[in-house]
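# Per-entry structural report
What follows is the residue order along each chain.
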Amino acid sequence: FKWFGVWEQPVIGKLRGMFEQAGDSVPLLPVFGDEHQGCGSPGTNTSGGPGQNARYRSWIDQVAHGIGSSEVVIAFEPDSLGLIECLRPSLRAPRLRALAYGVTALSKLPNATVYVEAGAPDWQDVRTMARKLRAVGVSRVRGFMLNATHHVKTVKNLSYGAKLSRALGGKHFIVNTSHNGNGPLYRNGHTIWCNPPNAAAGPLPTTDTGHPKADAYMWIERPGFSNGSCNGGPARVGAWWEQRAIQMVERAKWWRRSR
């Protein structure tokens, strides 16, 4: 996946260039316009107000225009629904409406397959996430994605995804397996999400999941890219970290079996 966020300018030109380079391949694209500004304590984040929501609508319109009739698989707004509670209560419903605007805009693209952010099994319960997914219009698109930024093992994602699918009338889903080979790392009861030292690449991308509602295992968050200056990582979020990429692959079960 190539992450496409508000830093990509000009939006339409960058997208069209990406499709030209792709040739006969189908680009995999996390749309990442939700401006996360951290989450210290629930209800304290003041982002997500009218100005930001207006900018988001304008940006998503450009994204939709840039994609046009091109074939693409979209991972819609990783972490966006899971972080809604970080916002002040008065800002949450408007933010959901802004995200719903994005889902609607992308659902109208003729050759786009869209999976909406749905957190992970170790984040929020099925009822809470189903309510949010309904609010942003998951019924308009193919389904939802799990584990985009988390490290939960694949089998737990399949169980959680099946329950969420039933709650949503049978929607399909994809699972990010790029970092979940060893599962999450906990310290003092808290998950180490930022460059966890034990991380290993999980199952290779495939559409052969053996589950009727799981369309694919996909590497949505790419191994070897830093989460920031934590646990030895490069300071800039998204910076390439070759040593970590090599370590994650060497720890992967499929790599060890091939040696």
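Residues numbered from 1 in each chain as written. Predicted model: local features only at pLDDT ≥ 70, side-chain atom pairs only at ≥ 80, totals over all residues. Heavy atoms only, no water.

Spatially, β1-β2-β3-β4-β5-β6-β9 is the arrangement adopted by the 7 strands of the open sheet, whose pairing is parallel. For this open sheet the edge positions go to β1 (4-5) and β9 (214-218), each flanked by a neighbour on one side alone. Relative to strand β5 (residues 143-146), strand β4 (residues 112-117) is paired through 3 bridges, and the arrangement is parallel. Across the sheet, residue Val 116 finds its bridge partner in β5, namely Phe 144. (Pairing = 2+ DSSP bridges. Helix = DSSP H or I, 4+ residues; strand = E, 2+ residues; numbered from the N terminus.)

A few words on helix α2 (residues 50-67). Between the first and last C-alpha of α2 there are 26 Å, a value that for 18 residues agrees with the 26 Å anticipated at 1.5 Å per step. For α2, the complete set of buried residues consists of Gln 52, Asn 53, Tyr 56, Trp 59, Ile 60, Val 63, Ala 64, Gly 66 and Ile 67. Around the axis of α2, the buried residues are gathered within 155° of arc, so they sit on the same side. Elements that come into contact with the buried residues of α2 comprise β1, α1 (11-22), β2 (28-32), β3 (72-76) and α3 (89-107). At the C-terminal side of α2, Gly 68 shows a positive phi close to 55°. (Expected span 1.5 Å × (residues − 1). Buried < 20%, exposed > 50% of the residue type's maximum accessible area, 1.4 Å probe, protein only. Arc of directions from axis to C-beta. Contact = heavy atoms within 4.5 Å.)

To continue, consider the pattern of salt bridges. The full count for this structure, using the stated rule, is 5 salt bridges. Ionic pairing is found between Glu 8 and Lys 14, a salt bridge with its closest N-O pair at 3.0 Å. We classify Glu 8 as buried; its relative accessible area is 9%. Between Lys 132 and Glu 85 there is a salt bridge; the shortest N-O distance is 2.7 Å. Of this pair, Lys 132 sits in helix α4 (residues 126-136) while Glu 85 sits in the loop between β3 and α3; the two residues are 47 residues apart in sequence, bridging distant segments of the chain. We classify Lys 132 as buried; its relative accessible area is 1%. (Salt bridge = Lys/Arg side-chain N within 4 Å of Asp/Glu carboxyl O.)

What follows is about the state of the cysteines. Applying the stated criterion to the full structure yields 1 disulfide. The residue that forms a disulfide with Cys 194 is Cys 230, at a sulfur-sulfur distance of 1.8 Å. One disulfide, between Cys 194 and Cys 230, carries an S-S torsion of -60° and so falls in the left-handed class. Placement of Cys 194 in the loop between β8 (190-191) and β9 and of Cys 230 in the loop between β9 and α6 (242-251) is noted, with a sequence separation of 36 residues between them. With respect to burial, Cys 194 and Cys 230 carry one shared label: buried. (Disulfide = S-S within 2.5 Å.)

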